[in-house]
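What follows is each chain in one-letter form.
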Amino acid sequence: MVFSKATDTGSCAACVSASFMGGKSFVQAGDWDGHGAFGLHRLCCVRNRLWYNSAMKQGEENGSGERARAVDRYLHTGSFEAFRSTFLSGLVLAFFGIGFYRLWYQFNFYNLHFSADVGMVTVGANVARVVVIALLVLLVYKAGFTRATRGVFVWSGFVLMTVSSLLYLLDLFFDATRFEALRVIVGGIGLVGGEIIWIFFLERLRPGEVFFYAAGGLALSCALSLVMGYLDPVVSGMINLFIPALSVFAYWQAMTRLDERAKTTRAGREDSMGKAPGVDALYESDPFRTGAVHALIAFFLYALLLGMALGYPDGRHRELSQTVRSIHQVLVVLLIAFVVWLVLVRGRSFKLSGYWLFQNALMMASICFLMSGSSGSEEASTFLLTNAVTCFYIPLVFFICLIGRHVHYQTTLVYAVVYGGSLLCMAVGRIIVYAVGPTLDHSLWLLIVMAIVVLVEATLIMRPRFMGDYPIGFELGTMRNEASEGAAEVGVVDPVAAFAGLYGLSDVERDIVSLISQGRSRSFIAQTLNYSENTIRNYTRTVYRKVGVHSKQELLDKVADARE
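Residues numbered from 1 in each chain as written. Predicted model: local features only at pLDDT ≥ 70, side-chain atom pairs only at ≥ 80, totals over all residues. Heavy atoms only, no water.

A. A look at the overall build of the chain. Looking only at helices and strands, the chain has 23 helices and zero strands in total. For the chain, with 564 residues in total, the buried portion stands at 57%. Contacts spanning at least 24 positions in sequence make up 81% of the contacts within the chain whose residues lie at least 6 apart. By element, 62% of the accessible surface of the chain is carried by carbon and sulfur atoms, the whole surface being about 22700 Å². (Helix = DSSP H or I, 4+ residues; strand = E, 2+ residues; numbered from the N terminus. Buried < 20%, exposed > 50% of the residue type's maximum accessible area, 1.4 Å probe, protein only. Contact = heavy atoms within 4.5 Å. Areas by Shrake-Rupley, 256 points an atom, 1.4 Å probe, with all protein chains shown as cover.)

Shown next as structure tokens:
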């Protein structure tokens, strides 16, 4: 199932995932320090325990009298009131900004879902986007990201998407399609900037927030496109013209609020524009690296399937009636609302394997309809594929952001590889059907190939323990029920947490003390926390000053005293 009930949110993602999937935690599996995973597990447990304690304290200070309803580290809220105050307050403009960006995407590339896409024109636009993304990879790898380079993506997306909207209006006014190919390609290139700016935003959030804004923004875009589909085309075209600006304005406001939040919650952090605090390099070691690669291959194969299915049997684009389109959008909104309620309010887990089963059920049903060849089967298949394409966005973005939290590479680089590769595979699938489909004596061969690919990519993710004995990171854990359960899970590292609270250490300082107590070198600590060695040296000196010691041994003695 996609959702499961558990009671171990006080532990780290490794422990949570292990309990979901029947595997062993790092502690149970033995000392894995050779790859740094055991140390990262302990560090994660320290951070998670203090996050939970902070949430419990906040719940008590608010006078709720219900400790179980305090927001946990996964941002499970336990009630609509807590959900509203957590997600629909400071960063609510981001919810609308992502929804506007997705609305523009659906309007210009999927005709508000009246068609599955714009045929080979969409293929050309996706190839152009892949080229731009490849250039982005080179840019980030060579120079990294500064405020100036981030501004380039903001303004390029803003300008090119607006130009594409103007070309759409010109086609409307002249009752022609002379600019259709140009506007889709220009818009496709502009979308790279429009997408990346929201990756800049999402990479700074906790997993629960990423889930909400990715899923909620998609639901909002479907609701808005449903309404726009019943408006006059000229009115819709004018709204489409303003959407890029609205999305950028929302982005600026959301990033400003994040900067303000960084100053109050992560004092001393060097770069508030960067990744979310507490990242590690866990996915750069096996078996996590192998599992992540398998998941990546599954994403690419699924994108290839989408391209082939959308172009079946000869590459032409497939249309939907207004009634079917409206049903699709209403179903997506209801589905996402239910999932968000179940995960973030009721406290159930969100697992990639379960969601992948849902995605593949849509694909398998679509292939079966195409095989039947009965009346209405093609539109039914297109309807299912449209739902599959729309819902594919959630695991794709969520996967990108979670992988980005566990590697040293920029999250934007992870985006470039995963999202750019998916776009390329989708375009390749469409081209294969366009080139090969008309030459086959029977289109059944294409369907057989698609069915085999479904079995391969589904098995990659849905098989048990596809990341070895340590499944981690592709899901949100479940909300804990009792505070005592968390104490039992992380009792091994409570002394460090107590030590940090006793001397008023910041989050970063606490993490450094935890790693020092494990005998880690300065270079290892710098790599783990994604700081320079000089920065770690400065933090260590600050810790010495706060604690009143002058050497590492004296610090360890103080930690031992706290344990006693």
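B. View of a nonpolar patch on the surface. Judged by side-chain polarity, Trp155, Val159, Val163, Leu170, Phe173, Phe174, Val234, Met238, Phe242, Leu246, Phe249 and Trp252 come together as a nonpolar surface patch covering roughly 1100 Å² of accessible area. Breaking the nonpolar patch down by element, the ones donating at least two residues are helix 7 (147-173) and helix 10 (233-265). For the nonpolar patch, the element with the most residues is helix 10, which contributes six residues. Mapped onto the elements of the fold, Phe174 is located in the loop between helix 7 and helix 8 (180-202). (Patch = residues over 30% accessible without salt bridge, like charges linked within 9 Å, V, L, I, M, F, W, Y side chains within 5 Å. Salt bridge = Lys/Arg side-chain N within 4 Å of Asp/Glu carboxyl O.)

C. Molecular detail of the nonpolar core. One finds Trp198, Phe201, Tyr213, Leu306 and Met363 to be the most contacted residues of the largest nonpolar core, which totals 123 residues. In terms of residue count, the dominant contributor to this core is helix 11 (residues 288-311) (14 residues). The next biggest cluster of nonpolar side chains, apart from the first, holds 21 residues, and it includes Leu529, Val547, Leu555 and Val559. (Core = buried A, V, L, I, M, F, W, Y, C linked by side-chain atoms within 4.5 Å.)

D. Region of the structure containing the pattern of salt bridges. Going through the model one piece at a time under the given rule, you end up with seven salt bridges. A salt bridge links Arg206 to Glu209, with the shortest nitrogen-to-oxygen separation between them at 3.9 Å. Among the residues examined, Arg206 registers a relative accessible area of 27% and is labelled partly exposed. Using a relative accessible area of 3% as the deciding quantity, one classes Glu209 as buried. Residues Arg257 and Glu260 are paired through a salt bridge, measuring 3.4 Å at the closest nitrogen-oxygen approach. Here Glu260 and Arg257 lie together in helix 10, a separation of three residues that amounts to about one turn. Classification of Glu260 by relative accessible area gives partly exposed; the value is 42%. Salt bridges here are not isolated pairs; linked through shared partners, they connect Arg206, Glu209 and Arg261.

E. Structural context of helix 17 (residues 444-462). Counted at 1.5 Å a residue, the expected span for helix 17 with its 19 residues is 27 Å, and the 27 Å between its end C-alpha atoms agrees. Regarding helix 17, the residues found buried are Leu446, Leu447, Met450, Val453, Val454, Glu457, Ala458, Leu460 and Ile461. Looking straight down helix 17, one finds its buried side chains confined to an arc of 145°; they lie on one side. Within helix 17, the exposed residues directed more than 90 degrees away from the buried face are Trp445, Ile452 and Leu455. Of the surrounding secondary structure, the elements contacted by the buried residues of helix 17 are helix 11, helix 13 (352-372) and helix 16 (411-436). (Expected span 1.5 Å × (residues − 1). Arc of directions from axis to C-beta.)

F. Representation of helix 22 (residues 533-547). Between the first and last C-alpha of helix 22 there are 21 Å, a value that for 15 residues agrees with the 21 Å anticipated at 1.5 Å per step. Considered for burial, the residues of helix 22 that qualify are Thr535, Ile536, Tyr539, Thr540, Thr542, Val543, Tyr544 and Val547. Within two residues after helix 22, Gly548 carries a phi angle of roughly 85°, on the positive side.

G. Fine view of the packing of aromatic side chains. Considering all chains together, one arrives at 30 aromatic pairs under this definition. Relative to Phe399, the ring of Phe299 has its centre 4.9 Å away and its plane inclined at 25°; by these criteria the two rings are stacked. Taken together, the positions of Phe299 in helix 11 and Phe399 in helix 15 (residues 393-405) put the pair 100 residues apart, joining distant regions of the chain. In this structure, Phe299 and Phe399 share a single accessibility class: buried. Between Tyr302 and Phe392 the ring centres are 5.3 Å apart and the planes differ by 40°, which places this aromatic pair in the tilted class. Here Tyr302, found in helix 11, pairs with Phe392, found in the loop between helix 14 (377-391) and helix 15; they are 90 residues apart in sequence, far enough to count as distant. An aromatic cluster of at least three residues, connected via ring pairs, comprises Phe83, Phe87, Phe95, Phe96, Phe100, Trp198, Phe201, Phe212, Tyr213 and Tyr251. Lying over the aromatic face of Phe524, Arg520 brings its terminal NZ or CZ to 4.3 Å of the ring centre. (Phe/Tyr/Trp six-rings, centres within 6.5 Å; stacked < 30°, edge-to-face > 60°. Lys NZ or Arg CZ within 6 Å of the ring centre and 35° of its normal.)

H. Local environment of unusual backbone geometry. Tyr312 connects to Pro313 through a cis peptide bond whose omega is 5°. For Pro313, the position within the fold is in the loop between helix 11 and helix 12 (322-345). The backbone of Asp175 shows a phi angle near 50°, a positive value even though the residue is not glycine. Inspection of the secondary structure assignment puts Asp175 in the loop between helix 7 and helix 8.

I. Representation of the packing of helix 5 (residues 92-109) against helix 9 (residues 207-228) within the structure. At a minimum axis distance of 7 Å, the contact between helix 5 and helix 9 shows a crossing angle of 50°. On the basis of their axis angle, the class for helix 5 and helix 9 is oblique. Read as a crossing pair, helix 5 and helix 9 show a hand that is right-handed. Residues Val92, Ala94, Phe95, Phe96, Ile98, Gly99, Phe100, Arg102, Leu103, Gln106 and Phe107 of helix 5 form the contact with helix 9, whose participating residues are Phe212, Tyr213, Gly216, Gly217, Leu218, Leu220, Ser221, Cys222, Leu224, Ser225 and Met228. Taken together, the residues of the contact of helix 5 with helix 9 break down into 15 nonpolar, six polar and one charged. (Axes fitted to C-alpha atoms, helices over the stretch in contact; angles between N-to-C directions. Parallel < 35°, antiparallel > 145°, perpendicular 65-115°, else oblique. Left-handed = near helix turned anticlockwise from the far one by under 90°. Nonpolar A, V, L, I, M, F, W, Y, C, P; charged D, E, K, R; others polar.)

J. Focus on the environment of Thr542. Tracing the backbone through its elements, the reader meets Thr542 in helix 22. Along the sequence, Thr542 and Glu509 sit 33 residues apart, while their C-alpha atoms lie 8.2 Å from each other. Here the side chain of Thr542 touches Asn538 through a polar contact of 3.0 Å, landing on its backbone oxygen. (Polar contact = N/O pair within 3.5 Å; in protein donor to acceptor, adjacent residues only side chain to side chain.)

K. The arrangement of the side chain of Thr382 in detail. With respect to the helices and strands, Thr382 occurs in helix 14. Judged by relative accessible area, Thr382 falls into the buried class, the value being 1%. Among the polar contacts listed, one links the side chain of Thr382 to the backbone oxygen of Glu378, at a separation of 2.9 Å.

L. Molecular detail of the confidence of the model for the chain. With 76% of its residues at a pLDDT of 70 or more, the chain has an overall mean of 77. Below pLDDT 50 for its whole length, residues 1-70 participates in 172 contacts with residues either more than four positions away or in separate chains. Across residues 266-272 the pLDDT falls below 50, and counting only partners more than four positions away or on other chains, this stretch makes 18 contacts in the model. (pLDDT = per-residue confidence, 0-100.)

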